[in-house]
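# Per-entry structural report
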Amino acid sequence: MKPSSSIHTVIAVISFFIILLFLNLNNFEIQPWDEGLYAIRAKAVLEHKLYFDQTEYSAGGLYSSTYPPLTVWLLALSMNYLGESPLAIRFFSVIFSILSLVLIYNISRKIFSIENSLISIFLLSTTLGWNFYSRQGMTDVPLTFFFLLCFWASIKIFEAREAKHLALWAAVFSLSFASALMTKIIISFLPLIFVFT
């Protein structure tokens, strides 16, 4: 496959999955547990300006408000601009899902051919688990994106030949690692494996 036609193929495949992810996104009700809990916390951020502690307005009190706030902040941001709707609650999960597909393609291109890299994003995009969580306002897909970004930054750090590129990718790794910590605490230490191996 020629480079220009392969770029067009990648864009076409990812565009197809973007359409699938956004299709009927607003037509399904908010899921009652995690997605609903994050939505209630985001509403508390919007209505009461409680950016750090939404315990008073969280269903379940302290139990449901102890998770890190990045997902809630993103939900509040999208609810502010898109209104209180399932689309607003799920918007950033879909965006992170799309960006994750791009990272999966780029990472797999370091190892495989263009065709196999396309197969990798096709396989991920067609799994039920990925499609379910990509369309839920939860922490799983954003966390996966931050992990992938840490891994991509680690690859670029290893390839860097100049100090400015090394500093840039070290900053990207640091920001994505910090974002992972702000999404889910304990499991977010996994990207450190990329650093120490």
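In the block above lies the structure referred to throughout.
In this report, we go over the structure that sits alongside the text. Just so you know, these numbers come straight off a predicted model, no measurement behind them.

## Considerations on the overall build of the chain
- The helix and strand tally for the chain stands at 10 helices and zero strands.
- Ordering the α and β elements of the chain from the N terminus gives α-α-α-α-α-α-α-α-α-α.
- In terms of overall dimensions, the chain is globule-like: its C-alpha atoms have a radius of gyration of 18 Å, near the 16 Å expected for 197 residues.
- In terms of principal-axis extent, the alpha carbons of the chain reach across some 55 × 40 × 25 Å.
- The 197 residues of the chain split such that 41% are buried.
- Taking as baseline every contact in the chain between residues at least 6 positions apart, the subset at least 24 positions apart corresponds to 67%.
- For the chain, the computed accessible surface area is about 10800 Å², with 71% contributed by carbon and sulfur atoms.
- Mean positive and mean negative side-chain charge positions of the chain (12 and 11 charges, respectively) differ by 12 Å.

## A word on the packing of helix α4 (residues 70–82) against helix α5 (residues 86–109)
- As a packed pair, α4 and α5 sit with axes 7 Å apart at the nearest point and diverge in direction by 120°. Taken together, the axes of α4 and α5 lie oblique to each other. Judged by the sense of rotation from one axis to the other, the crossing of α4 with α5 is right-handed. Seen from α4, the contacting residues are Leu74, Leu75, Leu77, Ser78, Met79 and Leu82; seen from α5, they are Ala88, Ile89, Phe91, Phe92 and Phe96.

## Considering the packing of aromatic side chains
- Scanning the model with the defined rule gives 11 aromatic pairs in all.
- Ring geometry for Phe132 against Tyr133: centres 5.0 Å apart, planes inclined by 85°, an arrangement best described as edge-to-face.
- For Phe132, a relative accessible area of 39% puts it in the partly exposed group.
- Each member of the aromatic cluster is reached from another via a ring pair, and the members are Phe91, Phe92, Phe96, Phe145 and Phe146.

## With respect to the pattern of salt bridges
- Overall, the coordinates contain seven salt bridges when judged by the stated rule.
- Of the charged contacts, one joins Arg90 and Glu35 as a salt bridge, the two residues approaching to 2.7 Å between their closest N and O atoms. Of this pair, Arg90 sits in helix α5 while Glu35 sits in helix α2 (residues 34–48), placing them 55 residues apart in sequence. With respect to burial, Arg90 and Glu35 carry one shared label: buried.
- Between Lys164 and Glu162 there is a salt bridge, and its shortest N-O distance comes to 4.0 Å.

## So, helix α6 (residues 114–125)
- The terminal C-alpha atoms of α6, which comprises 12 residues, lie 17 Å apart, in line with the 16 Å expected from a rise of 1.5 Å per residue.
- Of the residues making up α6, those classed as buried are Ile114, Ser117, Leu118, Ile121 and Ser125. Mapping the buried residues of α6 onto a view down its axis gives an arc of 100°, with all of them on the same face.

The rules behind these values
- Residues numbered from 1 in each chain as written.
- Predicted model: local features only at pLDDT ≥ 70, side-chain atom pairs only at ≥ 80, totals over all residues.
- Heavy atoms only, no water.
- Helix = DSSP H or I, 4+ residues; strand = E, 2+ residues; numbered from the N terminus.
- Rg over C-alpha atoms; globule rule 2.2 N^0.38 Å.
- Buried < 20%, exposed > 50% of the residue type's maximum accessible area, 1.4 Å probe, protein only.
- Contact = heavy atoms within 4.5 Å.
- Areas by Shrake-Rupley, 256 points an atom, 1.4 Å probe, with all protein chains shown as cover.
- Lys, Arg positive; Asp, Glu negative; His and termini not counted.
- Charge placed at Lys NZ, Arg CZ, Asp CG, Glu CD.
- Axes fitted to C-alpha atoms, helices over the stretch in contact; angles between N-to-C directions.
- Parallel < 35°, antiparallel > 145°, perpendicular 65-115°, else oblique.
- Left-handed = near helix turned anticlockwise from the far one by under 90°.
- Phe/Tyr/Trp six-rings, centres within 6.5 Å; stacked < 30°, edge-to-face > 60°.
- Salt bridge = Lys/Arg side-chain N within 4 Å of Asp/Glu carboxyl O.
- Expected span 1.5 Å × (residues − 1).
- Arc of directions from axis to C-beta.

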